[in-house]
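Now for the letters of each chain:
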Amino acid sequence: MAVFCGCCASLVTGCYGCHGRDHSEKKEPTKLTERLWFIFVMLVCFTSMTNMFFWLSAANDSAYFNRDLAEMTGMWWRYYIFFMALSCALCCYAILLLFFAFLHIACRQQLNLHGVHKVGIVLDLSLSVAMLVFPCTVLNFSSLWHYVPQLLKFVGPFAHLIGVIIMTSLSWFVAGGMGTLQRRGVPVRDVALWYFIGLVGLYISPVFIQSPCLLKYDQLPAKPLLYAHRGAEELAPENTPIAFEIALDLYDVHGIDTDVRISYDGVPYIMHDVTLGRTTNVADMFPDRYDEKSDSFTLEELKQLNAGSWFIKINPYGTTDQLTEDEIILFRKQKIPTLHETLTLILERNKTMLFDVWPPTDETHPYFVEWLNVTLEAILDTGVDLDDVDYLSSNNGTYYTFSINTFDKRRVLTTYNDVDFSHIRNNATLNISTNVWTVQEEWMLSLFWCAGTTSISTSSCQTLQPVKAPAWQLSPIHYLVMWILFDVVSCVWVLIIFIIQISRKKRRLQQHGEEPPERYNYRHFMALEELSKNQKPVIL
């Protein structure tokens, strides 16, 4: 056993301090600076875990993150995967260092963080903080932060249970270190105090967990209807006829959610971006007008552009490798469709349509005032009744959301995915259907499904359409039972561990000819350790 403990001490000392067995046998107290480094490692561990959780939660907007960063750098790349991998690596490094630090404490070894690790942990903290600040300050992507509380609501019940298991497992080290770690320089009293405070806080944390997936099984709403956002844009060039056809025919979505602008000659056409550079070959066809707004082009000029080749060249979602030669040729032939062409394609399949109309912002545009009339004319020309057309201004008045209700008589209110779940339920009481955009991840679909959302707009129709049930759903009563059961078992286990460890200390004290004090406290533990250090073993 002694040999095993010695090997374990040598191992953890080598990993944490990069020292060998000789150093692991040193019994000097831990220096104050090393205790501060230990606290710093815990701080970095928490920061890196927060950073990793942030990037995990932001996966829903990974495509937009890649797009905006590509526009800033001029080079398209899957930046999100790099940031996600880096955050995981930083978190794993900090957790491993903290793990070896606790093993040092358990083996009663002097903490002595190696200089390389000190540089590494400072770099870890710097990168983690920079990665948390970067989306907000450089890309103005502060909206990514609202995914953090949403993901917490999704994983909260399970995070509580996992946290209880981890804290319960640490009880052996905390109880076993009482009276020994303080002599090594670690403030045991503070560690034990914060351990119990954290444990009690963890026990009562479910009081603050409010997940929409905690509802009775017979109260689960119907699955939200799916609108294909810009068509099946992860599988085909966005806002092109082929993207709409794939979403409608292959994945049977409820409708299409897209964007409409007004050409210089008064024809509504399908386009999201203000300019044409990202999704067309305007740089080749009109090099002098590359940076001009798309609504400064006439329809004839827009029809000269290729709207599909960029998708094959850039492969923004990593899906073009699965295309056949015929499909690649078809994608390369895509043109910018008009509103009339798109709506006709959709109505032929008895589907519906949501679209945002972006009025011209330049007062010199010929249809700066008449944009609404030409939009309604294009809609009515397809045979849609005026009574089946609803439109509503956005909160800031920059665009107007239209819904075609020929095959869907609901009154639809579209909102971004940062909407509070209570607003969705309030809309339902007013007979208003809420459409949430954009929802790309299954965990987000599960949240809005349980919250009662009637429809969502998604770019991942191929992923979300086959989903038949939320990722998880738990009755509040069942979760209450699990909560109480885990907490009670954990509490009993922690008490047993502390009793066992204290009893072991008492027996060791009695073996050295001392009676255990009536009140066994830290001072007696420390006295016992000093005695055991100076006492030579007796061989019978």
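Here, every reference points to the structure presented above.
The model shown is predicted, which means the values in this text are computed figures rather than measured ones.

Draft legend 1. Molecular detail of the packing of helix H3 (residues 32–57) against helix H6 (residues 115–137). It is at 9 Å that the axes of H3 and H6 come closest, and there the two elements cross at 35 degrees. In the crossing of H3 with H6, the sense of the turn from one axis to the other is left-handed. Together, Glu34, Trp37, Phe40, Val41, Val44, Thr47, Ser48, Thr50, Asn51, Phe54 and Trp55 of H3 and Lys118, Ile121, Val122, Asp124, Leu125, Ser128, Val129, Met131, Leu132 and Pro135 of H6 make up the contact between the two elements. Across the contact of H3 with H6, the residue classes break down as 13 nonpolar, five polar and three charged.

Draft legend 2. Seen up close, the pairing of strand E5 (residues 389–393). Of the strand pairs in this sheet, E5 and strand E6 (residues 400–404) are connected by five bridges, and their pairing is antiparallel. By the bridge assignment, valine 389 is partnered in E6 with isoleucine 404. With antiparallel pairing between neighbouring strands as the criterion, E5 and E6 make up a hairpin whose turn holds six residues, including glycine 397 at a positive phi of roughly 75 degrees.

Draft legend 3. Layout of the pairing of strand E1 (residues 225–229). Within E1, four of the five residues are buried, which leaves it mostly tucked inside the rest of the structure. Of the strand pairs in this sheet, E1 and strand E2 (residues 255–262) are connected by three bridges, and their pairing is parallel. Its bridge partner being in E2, histidine 229 is matched across the sheet by aspartate 257.

Draft legend 4. View of the side chain of aspartate 273. Relative to the helices and strands, aspartate 273 is located in the loop between strand E3 (268–270) and helix H10 (282–285). Here histidine 272 takes part through its side chain, which lies 2.8 Å from a polar atom of the side chain of aspartate 273. Residues in contact with aspartate 273, not counting those within four places in the same chain, are Arg261, Arg278 and Ser294.

Draft legend 5. Representation of helix H15 (residues 371–380). Buried within H15 are the following residues: Trp371, Val374, Thr375, Leu376, Ala378 and Ile379. On the buried face of H15, the contacting elements are E2, E3, helix H14 (339–347), strand E4 (352–358), E5 and E6.

The rules behind these values
Residues numbered from 1 in each chain as written. Predicted model: local features only at pLDDT ≥ 70, side-chain atom pairs only at ≥ 80, totals over all residues. Heavy atoms only, no water. Axes fitted to C-alpha atoms, helices over the stretch in contact; angles between N-to-C directions. Helix = DSSP H or I, 4+ residues; strand = E, 2+ residues; numbered from the N terminus. Left-handed = near helix turned anticlockwise from the far one by under 90°. Contact = heavy atoms within 4.5 Å. Nonpolar A, V, L, I, M, F, W, Y, C, P; charged D, E, K, R; others polar. Pairing = 2+ DSSP bridges. Buried < 20%, exposed > 50% of the residue type's maximum accessible area, 1.4 Å probe, protein only. Polar contact = N/O pair within 3.5 Å; in protein donor to acceptor, adjacent residues only side chain to side chain.

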